[in-house]
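Residue-level listing of the chains:
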Amino acid sequence: MADLSTIHQPVLVRECVDLVTPALNRPDAVVVDCTLGLAGHAIAFLQAAPQARLVGIDRDEEALGMAAERMKRAGLAKRFVGVHAAFDEFSTVLDGLELNRVDVAFMDLGLSSLQIDETDRGFSYSRDAPLDMRMDTTQDFDAAQILSQYSESELTRIFREYGQERFSRPIARAIVRRRAIEPLKTSRQLSELVDQVVPKSHRAKGNPAKRVFQALRIEVNGELDKLKCTLPQIANRLSVGGRLVVESYHSLEDRTVKTFMAQGLNVDVPADLPVIPDDAQPFFEELTRGAIKADESEIERNSRSAPVRLRGVSLSRELPEHWRDRFDRSAEGGPQTTQHSHRKHDAEKKNDNNNHTGRRA
Ligand SMILES: C[S@@+](CC[C@H](N)C(=O)[O-])C[C@H]1O[C@@H](n2cnc3c(N)ncnc32)[C@H](O)[C@@H]1O
């Protein structure tokens, strides 16, 4: 096997270790890495917390296999369980492992360098490949299907919402026109189309197709919906003193994480209430004072770290019952309630995935 540490360098690994280890300092402490990838962070956590066990979730089977191999080589396999699942199945995964509470939940969102570098998965606008973009290659919904099936207004919405693309409408219109002649099949065809639509005088720095590719990737993988319904599941399963630590790589993810954490950091009552009831006191403590960013030397070594925003909170007391109920409800608002059919496929797939739960990778 190639030396994977040169393929994927974990971002802000020292800072992440410092954030998680205080909650792992007891026998049988459990950390869930919701985005195991090639286990760069996971290995560092287990090495720094010798009493802890780690559950590693990833929707990419190839990554899981490589992570398991790395755990073995590092002599950590006995303290590791790999689970093939999407992280919005967090509660189901824990139930399958008979774990009620966990001490740390960690997320390093987005793609691994392996996924970016794998040309045949179509994530990159700079390499020609089929328009796929699935993190989970067992899912049947891919980017080519979005481009061939979504209406002009749906395409416009995802480019605007998920790509913050200024020329969303003209790009969507050009896609619809083009597919009436022949379907868009490759990343190069899509990049060239965007290049023709976006006026040269209005281009931001970088490749003009960057935002369209980001939007498609988010839509194919249901990234923001999954994140939104996973965070409340995590909060409901943290032990008191347990920690939630998240690395985000674009502003939509970071805003979702920040907004979620803010619910437990602020007092939950009208400003003019004279006495704050116990039940309404904050339940999170901030560990990072805003977001931690990578410094120049890390960005120079690893350009993937440039946009990172690392945030962490700890659960400072038992969650009040009304928050528990509220989080249960927002966790349910995931795949099943969104408008696109592929989310339904994902929900249906849960039964299959559960067969993997607890698989020792
Ligand atoms: C940035 S990489 C993680 C890298 C890892 N921290 C390391 O150091 O090797 C993100 C991983 O999360 C996985 N992932 C992304 N979204 C996911 C989701 N909704 N459910 C499960 N895994 C997901 C991807 O497949 C990818 O392997």
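- Identification of the protein chain as Ribosomal RNA small subunit methyltransferase H from Bifidobacterium commune is taken from an unreviewed UniProt entry.
- Taken verbatim from the UniProt record of the protein chain, the Sequence similarities (unreviewed entry) comment is "Belongs to the methyltransferase superfamily. RsmH family."

Digging into the overall build of the protein chain
Here is step 1 of the chain: When you go through the protein chain residue by residue, the secondary structure sums to 16 helices and seven strands.
Here is step 2 of the chain: Within the protein chain, buried positions represent 45% of all 361 residues.
Here is step 3 of the chain: Considering only intrachain contacts with a sequence separation of at least 6, the fraction spanning at least 24 residues in the protein chain is 71%.

As for the UniProt feature "binding site: S-adenosyl-L-methionine" (unreviewed entry) in the protein chain
Here is step 1 of the chain: UniProt's entry tags Ala39, Gly40, His41, Asp58, Phe87, Asp108 and Gln115 with the feature "binding site: S-adenosyl-L-methionine" (unreviewed entry), counted in the numbering of this structure.
Here is step 2 of the chain: Within the element layout of this structure, Gly40 appears in helix H3 (residues 40-48).
Here is step 3 of the chain: Gly40 gets classed as buried once you count the C-beta atoms within 10 Å, which come to 24.
Here is step 4 of the chain: Beyond its immediate stretch of four places on either side in the chain, Gly40 contacts His8, Gln9, Pro10 and Val13.
Here is step 5 of the chain: Tracing the sequence through the fold places Phe87 in the loop between strand S3 (80-84) and helix H5 (90-96).
Here is step 6 of the chain: For Phe87, a count of 25 C-beta atoms within 10 Å translates into the label buried.
Here is step 7 of the chain: With near-sequence residues (within four places) excluded, Phe87 lies in contact with Cys34, Thr35, Ile57, Lys226 and Thr230.

Looking at the nonpolar core
Here is step 1 of the chain: Val20, Val31 and Ala67 are the most contacted members of the largest nonpolar core, which totals 67 residues.
Here is step 2 of the chain: Here this core gets six residues from one element, more than from any other, and that element is helix H4 (residues 61-73).
Here is step 3 of the chain: Among the nonpolar cores identified, the runner-up in size contains 28 residues, and Phe141, Ile158, Phe159 and Val212 belong to it.

Section: the pairing of S3
Here is step 1 of the chain: Of all five residues making up S3, five are buried, and the element is well covered by its neighbours.
Here is step 2 of the chain: Every second residue of S3 is oriented toward a common face, with Phe80, Gly82 and His84 on one face and Val81 and Val83 on the other, all of them buried.

Observations regarding the sheet that holds strand S2 (residues 53-58)
The strands that make up a sheet pair up through hydrogen bonds in the backbone, lying either parallel or antiparallel.
Here is step 1 of the chain: Here seven strands make up an open sheet; going across it, the order is S3-S2-S1-S4-S5-S7-S6 and the pairing mixed. The outermost strands of the open sheet, each flanked by one partner alone, are S3 and strand S6 (284-286). If you compare each strand with its neighbour and ignore which way they point, the axes differ by 20° on average.
Here is step 2 of the chain: Judged from the four bridges that link them, strand S1 (residues 30-33) and S2 form a sheet pairing that is parallel. Residue pairing in the sheet places Val30 in a bridge with Arg53 of S2.
Here is step 3 of the chain: Of the strands in this sheet, S2 and S3 touch H4, which is tilted by about 170° from S3.
Here is step 4 of the chain: Contacts from helix H12 (residues 223-237) reach strand S4 (102-108) and strand S5 (238-248), with the element oriented near 155° to S5.

Description of helix H10 (residues 187-197)
Here is step 1 of the chain: For H10, the set of buried residues is Ser187, Leu190, Ser191 and Val194. Viewed end-on, H10 has its buried residues packed into an arc of 100°, placing them on one side of the element.

A word on the site of the ligand
Here is step 1 of the chain: The local shell around the ligand holds 21 residues, among which Pro10, Thr35, Gly37, Gly40 and Asp108 are the closest.
Here is step 2 of the chain: Only H3 and S2 provide two or more residues apiece to the shell around the ligand.
Here is step 3 of the chain: Considered class by class, the residues forming the shell around the ligand number nine nonpolar, seven polar and five charged.

Details of unusual backbone geometry
Here is step 1 of the chain: Notably, Leu12 is not glycine yet its phi reads approximately 50°, a positive angle.
Here is step 2 of the chain: In this fold, Leu12 is placed in the loop between helix H1 (4-7) and helix H2 (13-20).
Here is step 3 of the chain: Residue Met133 is not a glycine yet carries a positive backbone phi of 70°.
Here is step 4 of the chain: The residue Met133 is located in the loop between helix H6 (113-117) and helix H7 (143-149) in this model.

The rules behind each value
Sequence order as written defines the numbering, with residues in each chain counted from 1. Per-residue local features are limited, in this predicted model, to residues with pLDDT of at least 70; the limit for side-chain atom pairs, both in listing and counting, is 80 or more; totals at the level of whole chains, interfaces and linings are taken over all residues. UniProt positions are given in the numbering used here, feature names are shortened, and annotations may be inferred rather than shown by experiment. Segments assigned H or I by DSSP are reported as helices when at least four residues long, segments assigned E as strands when at least two residues long, and all are numbered from the N terminus. Residues with at least 20 other C-beta atoms within 10 Å of their own are called buried, those with 12 or fewer are called exposed, and the rest are partly exposed. The C-beta atoms themselves are positioned from the backbone. Contact definition: two residues whose C-beta atoms, as placed from backbone geometry, lie within 7 Å. Throughout this description, the term nonpolar core refers to a group of buried Ala, Val, Leu, Ile, Met, Phe, Trp, Tyr and Cys residues whose C-beta atoms join them within 7 Å. Pairing between two strands requires that DSSP report at least two bridges joining them. Axis definition: a line fitted to C-alpha atoms, limited for helices to the stretch in contact. Angles are taken between N-to-C directions and run from 0 to 180 degrees. The directions from the helix axis to the C-beta atoms form the arc being described. By convention here, the C-beta atom is placed from the backbone, and a residue is near a molecule or strand when that atom is within 6 Å of it. For this classification, Asp, Glu, Lys and Arg are treated as charged, while Ala, Val, Leu, Ile, Met, Phe, Trp, Tyr, Cys and Pro are nonpolar and the rest, including Gly, are polar.

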